[in-house]
Amino acid sequence: MRRIVKLTVYSIDKNCINRYSKEKVLKYAYISCGYIINKTFRKTMYSIAKLVEVIMNYDVNIITEYVFLVIAILILTAMIYTKPRRTRIYHIDCAGMVMSVLQIVLSITIIGITREPEEFDSILFNIICALFMFNYLIILNLIFNYVLLLSPELKIKFRYIMITELIYDLGYCIYMGYGILAGKMYAYDGTSIILTDYFYSYLIFGILDSLYSWSTWIIGRRNMSRIVKIGVAILSPLDTILLMLQWYVRETCVFSSATYVFPFVIFYILFHSNPYNEIAGCQNEYSFETRFLDAIYLHKKYTIIYVKMTQFRVDGEIDFYNQRKYALSTKSRQIEHVSIKMHNYIISDKEFIVFIKSGEKDKVQGYVEQVYNILAEGLPYKNSVLHTDFKMLVMENTPYVNNMHMLKVFYDYMIKKMHNNYENEKYVCKDKDYEQFKEEYAIENMLVDIRNKMDLEDERVICYAQPIYSISTGTFRTAEALMRLKMDGRIIYPDKFIELAEHNGCIHALTCIILNKVCKEINELANTYDFDAITINCSTVEMEDENLYTELMKILNDNKVASSKIRLELTESTMSGNYEIVSENMRKLNQAGVKFYLDDFGTGYSNLERIVSFPFMTIKFDKSILYRAISDSTMNDLVDGIVSIFKKKGFVLLVEGVENEEHSKYSIDHGFDYIQGYKYAKPVQLEKLSEYFSKK
Ligand code: C2E
Ligand code: CA
Ligand code: CA
C-alpha cells in the first residue's frame, strides 16, 4: 500500500519523470495493480471455498436449492423491472416465481432444522412443513394446469381436466393434512430428524402431477399450439425424471426446486419476453417482420397468406370476443399441422399471416387450398357450429412490397378491392395488382408530402378548368376548377387520388392550393375578361371542419379576390354530414358572398325537402340523369317535374356531361340555364380559360 501512495505522489510531482524513467513508473504501476488484484482474488476465492465447504459439509447437499433461489430472485427482479406487458401469463409466471422463492426458503429452512435437532420445536416444524406442502400444491397447479388450459378450446373440450384437478387437489390436501396432523411427515428420535415420509409425500404428488399432464398432453396434443406442445413434451418428462432422481438421492442431495423454477423460467422466456401470443400459440407481427425481411434480403422464395376474419357466427348470433379467440387459436393450430414449412403469425385478434417458406407453385397451391378449406370449415362450438367469414390474400415474392409498412398498406389496399360482403373470398395477387399498388402508394406518399409542406404554390398540384356555357347569353360565363396531380412527369386524374386524399386527411390542403391558384388566375383575368365566377369542388370532410370559413377567407383576402368570384360545389352526401357545422359554414360563407352549387344531383339519396333547406344557388344535374331521361320516358317526366319545382323555387339549373347534339338539344328544350360538357368545352389548363371568356 505504501508503494502505491509513494507512486501516486511521484506521479503528481512534475520532476518524477526526471527521477524515475517511464519504465520504472510502469513497473511500479504493474506491481501495485498485481498486489491489489492478487489480494482481492485471494480473498474472494477464500470466501467461496469457505461457503462451498460449509454447504458441502452438510449431510444433505442443497447447493442446487441455493442456485435456483438466486435464479428465481434474478428472474423475478427482471420481470418486475423490465416494464413487462401485464398479460395473463405474466401474472401466472410472476406468482409462480414468488411462490418458488418462498418454497426454496422453506425447503432450506426444513433441511436446516434437521441439522440442529437440539433446537427442535415440533409445532413450528409442523407449521413450516404444512406451509411447504400447501405452497407446493399451488406451484403444481400453476405449472401443469395453466399451460394445458392455455387455449380456450381445451377449456371447452377438457372440462374434466378441471374436475380431475380438483379431485387431485382434494386428495393432496387430505393426505398432507392427515400426514401433518398425525405427525407422520417425519420421525424424531430425540437426537435426529428423519424426513423420509416428507420426501415421499411431496415427490409422489409431484410425479403424479407431471404424469397427469403428460397424459393430458397425449390426449390433447392435436389441439395444442406447436410451441405449447413442444414445451409440455419436454418439461413434463424432464420433471418426472428429476423427481424420481430426487427420490433416490434424497438422503444426500436436494434439488427439487429445479422441477418448478425451471418451467417458470421457460414460460417466461417463451411466452413473455418472446413475443408469443399465448392463446394462439403463434408469434406476433414483429417476429413475422424479421422473417419477412430476411426472406427479402436473402432473396428467398416465399408465399404469404394474409387472412382477415370478417365475422364470427354461431347460429346466426354474434359473440365476438370468445369466438374470435377460439376461432383464431383453433384455425391457426390446424394450419400449423398442414406443413412444417408453414409458420403462423398473429397480427390482431382477427388477422393472421401464414408464411410459407416455398415458392414452388404446385406445392404452394396445395397449401393454399388446404388453408382455405380449414378456414371455411365450421367449428364445433358449445353444441353448435361456429362459422368464420374471411378474406384471404395470397402474395408471392414481389419487388414492389419490400417492407412491413408497405405490406400493411398493400393488404388494406387489396382487401378494399375485394367484394364488400361477408362471403369467404380467396384472391391470389397478380402482377398488375402490385403495379397498381405501387402507383397508389407513390400517390399517397406524394399527397402526404403536399399536405406536410402546405405550399400554396405547390407545382405538383395542377389546376384545370372547364368552361361552362350560359344558354341565355350564348357565352361562357363560369368555369369549374378541376384538379390533377403531376407525378414523375405524368398527369394523375382525380379518380386516382381524390378518394385517397379524403381518407388520409390531405384533401383540404389540395383545396387550399387550388383555391389559391384560382384566385391568382382570377386576378389575371379580372381586368380584361367578362365572367361571373369560377367554381371549386369542396369535399364533405372539409365542410365539417370548423376552421373552413377562416382558412378559405384568408386565401381570398390575401389575394384580394372578391368572394363573389368564387363558388363552391358540394355533393348531396355533404348534406347528410354533420348538420350543425356544415350549415354554419355555409351560412358564414354565404354571408361573405360565396355561392353554392349542388353537384351531381340525382346520384345521392337526399330528399328534395332537405336540399331546398340549404342555401344553394345552382343545382348541377348529374350526367347519368341526362342520359337516362333521353332514353326513358319515366325519367324524362321526372326530370320535367323536378326542373319545374326547382325553377319555381328560384334555383339556377345546370346540366353536366353534354357530349353531343342530342344531349345539347335536350338540355336547352327542358329549361336548363347552363351547360357543361365536352361538346362545348373540355377541361383546359387554367391559363387557357381566357380563350373562352369574352373580353369586356
Ligand atoms: P365532377 O365534380 O362531377 O367534375 C366533372 C367531371 O366530369 C370532370 O372530370 C370533367 O372532366 C368531367 N366531364 C366534363 N364534361 C364531360 C362530358 O361531357 N362527358 C363526360 N363523360 N365527362 C365530362 P374530372 O376532372 O376527371 O373530375 C372527376 C371528379 O373528381 C369530379 O367530378 C370531382 O368530383 C372530383 N374533383 C375534381 N377536381 C376536384 C377538386 O379540386 N376538389 C375535389 N374535392 N374534387 C375534385
Ligand atoms: Ca364538380
Ligand atoms: Ca359533377
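Conventions adopted
- Residues numbered from 1 in each chain as written.
- Chains lettered and ligands numbered in written order.
- Predicted model: local features only at pLDDT ≥ 70, side-chain atom pairs only at ≥ 80, totals over all residues.
- Heavy atoms only, no water.
- Helix = DSSP H or I, 4+ residues; strand = E, 2+ residues; numbered from the N terminus.
- Buried < 20%, exposed > 50% of the residue type's maximum accessible area, 1.4 Å probe, protein only.
- Contact = heavy atoms within 4.5 Å.
- Areas by Shrake-Rupley, 256 points an atom, 1.4 Å probe, with all protein chains shown as cover.
- Polar contact = N/O pair within 3.5 Å; in protein donor to acceptor, adjacent residues only side chain to side chain.
- Axes fitted to C-alpha atoms, helices over the stretch in contact; angles between N-to-C directions.
- Parallel < 35°, antiparallel > 145°, perpendicular 65-115°, else oblique.
- Left-handed = near helix turned anticlockwise from the far one by under 90°.
- Nonpolar A, V, L, I, M, F, W, Y, C, P; charged D, E, K, R; others polar.
- Donors = N, O, S within 2.8 Å, 3.2 Å for Na, K, Ca; no water.
- Salt bridge = Lys/Arg side-chain N within 4 Å of Asp/Glu carboxyl O.
- Near = heavy atom within 4 Å.
- 1 Å grid on protein atoms, 1.4 Å probe; cavity = no way out; pocket = protein on both sides within 12 Å on 5 of 7 lines; lining within 4 Å.
- Sits in = over half its atoms within 2 Å of the grid points.
- Expected span 1.5 Å × (residues − 1).
- Arc of directions from axis to C-beta.

This part takes up the overall build of the chain. Scanning the chain from N- to C-terminus turns up 26 helices and 22 strands. The proportion of buried residues among the 696 residues of the chain is 48%. Long-range pairs, those at least 24 residues apart, make up 72% of the contacts in the chain between residues at least 6 apart in sequence. A total accessible area of about 35500 Å² is found for the chain, and carbon and sulfur atoms account for 58% of it.

In this section: the side chain of Thr-303. Note on placement: Thr-303 falls in strand β5 (residues 303–314). We classify Thr-303 as buried; its relative accessible area is 0%. A polar contact is formed between the side chain of Thr-303 and the backbone oxygen of Ser-358, at a distance of 2.9 Å. Not counting chain neighbours up to four residues away, the residues in contact with Thr-303 comprise Val-354, Phe-355, Ile-356, Ser-358, Gly-359, Val-364, Val-394, Met-395 and Glu-396.

Interaxial distance between helix α24 (residues 623–631) and helix α25 (residues 633–648) falls to 6 Å at its minimum, and their mutual angle equals 120°. Viewed along their axes, α24 and α25 adopt a mutual orientation that is oblique. In the packing of α24 onto α25, the handedness of the crossing is left-handed. Contact residues: α24 offers Ile-625, Arg-628, Ala-629 and Ser-631, while α25 offers Ser-633, Met-635, Asn-636 and Val-639. Within the contact of α24 with α25, the residues separate by chemical class into 4 nonpolar, 3 polar and 1 charged.

Note that Arg-250 resides in the loop between α10 (226–248) and α11 (257–273). Polar side-chain contacts of Arg-250 include one of 2.6 Å to the backbone oxygen of Trp-247.

Here we come to the coordination of the calcium ion (ligand 2). For a metal bound by four donors in a tetrahedral arrangement, the ideal donor-metal-donor angle is 109.5 degrees, while six donors in an octahedral arrangement ideally sit at 90 or 180 degrees. The coordination sphere of the calcium ion (ligand 2), as far as protein atoms go, consists of Glu-480 (OE), Asn-537 (OD1), Glu-569 (OE) and Asp-599 (OD), spread over 2.2 to 2.3 Å. Sequence positions of the donors to the calcium ion (ligand 2) reduce to the motif E-x56-N-x31-E-x29-D. Separating the calcium ion (ligand 2) and the calcium ion (ligand 3) is a distance of 4.0 Å, and Asp-599 donates to both of them. One end of the pair, Glu-480, is in strand β12 (residues 475–487); the other, Glu-569, is in strand β16 (residues 566–571), with 89 residues separating them in the sequence.

On to the pattern of salt bridges, then. Close approach of charged atoms allows side chains of opposite charge to pair. Here the structure, examined in full by the defined rule, presents 24 salt bridges. Measuring nitrogen to oxygen at the nearest pair gives 3.2 Å for the salt bridge that ties Arg-477 to Asp-530. One end of the pair, Arg-477, is in strand β12; the other, Asp-530, is in strand β14 (residues 529–530), and 53 residues separate them in sequence. Overall, the relative accessible area of 14% leaves Arg-477 in the buried class. Glu-480 serves as the salt-bridge partner of Lys-620, at 3.0 Å between the closest nitrogen and oxygen. Of the two residues, Lys-620 is situated in strand β18 (residues 618–621) and Glu-480 in strand β12; the sequence distance between them amounts to 140 residues.

Our focus in this paragraph is the site of ligand 1. In the region of ligand 1, 20 residues are neighbours, and Gln-466, Met-483, Arg-484, Glu-659 and Tyr-678 sit closest. Alone, ligand 1 offers 790 Å² of accessible surface; in the complex the protein occludes 82% of this. Put simply, ligand 1 lies in the largest pocket. Considering each element in turn, the shell around ligand 1 owes the most residues, 4 residues, to β12. Partitioned by chemical class, the residues of the shell around ligand 1 number 8 nonpolar, 5 polar and 7 charged.

Now for the coordination of the calcium ion (ligand 3). Looking at the metal site, the calcium ion (ligand 3) is ligated by Asp-599 (OD), Asp-600 (OD), Glu-656 (OE) and Glu-656 (OE), spaced 2.1 to 2.6 Å from it. Mapped onto the sequence, the residues coordinating the calcium ion (ligand 3) show the spacing D-D-x55-E. You can call Asp-600 partly exposed: its relative accessible area is 24%.

With 14 residues, helix α22 (residues 579–592) ought to run about 20 Å at 1.5 Å a step, and its terminal C-alpha atoms sit 20 Å apart, in line with that. All of the buried residues along α22 are Ile-581, Val-582, Asn-585, Met-586 and Leu-589. In an axial view of α22, the angular spread of the buried residues amounts to 130°, which keeps them on one side of the axis. In α22, the exposed residues that point more than 90 degrees away from the buried face are Glu-580 and Gln-591. Buried-residue contacts for α22 involve α19 (540–543), α20 (548–558), β16, α21 (572–575) and β17 (595–601). Phi turns positive one or two residues past the end of α22, at Gly-593, with a value near 115°.

Attention now goes to the packing of helix α18 (residues 507–526) against α20. Running from amino to carboxyl end, α18 crosses α20 at an angle of 30°, the nearest separation of the two axes being 9 Å. In terms of their interaxial angle, α18 and α20 are classed as roughly parallel. Here α18 and α20 pass one another in a crossing that is right-handed. Here His-508, Cys-512, Leu-515, Asn-516 and Cys-519 of α18 lie close against α20, whose contacting residues are Leu-548, Glu-551, Leu-552, Ile-555 and Leu-556. When its residues are assigned to classes, the contact of α18 with α20 shows 7 nonpolar, 2 polar and 1 charged.

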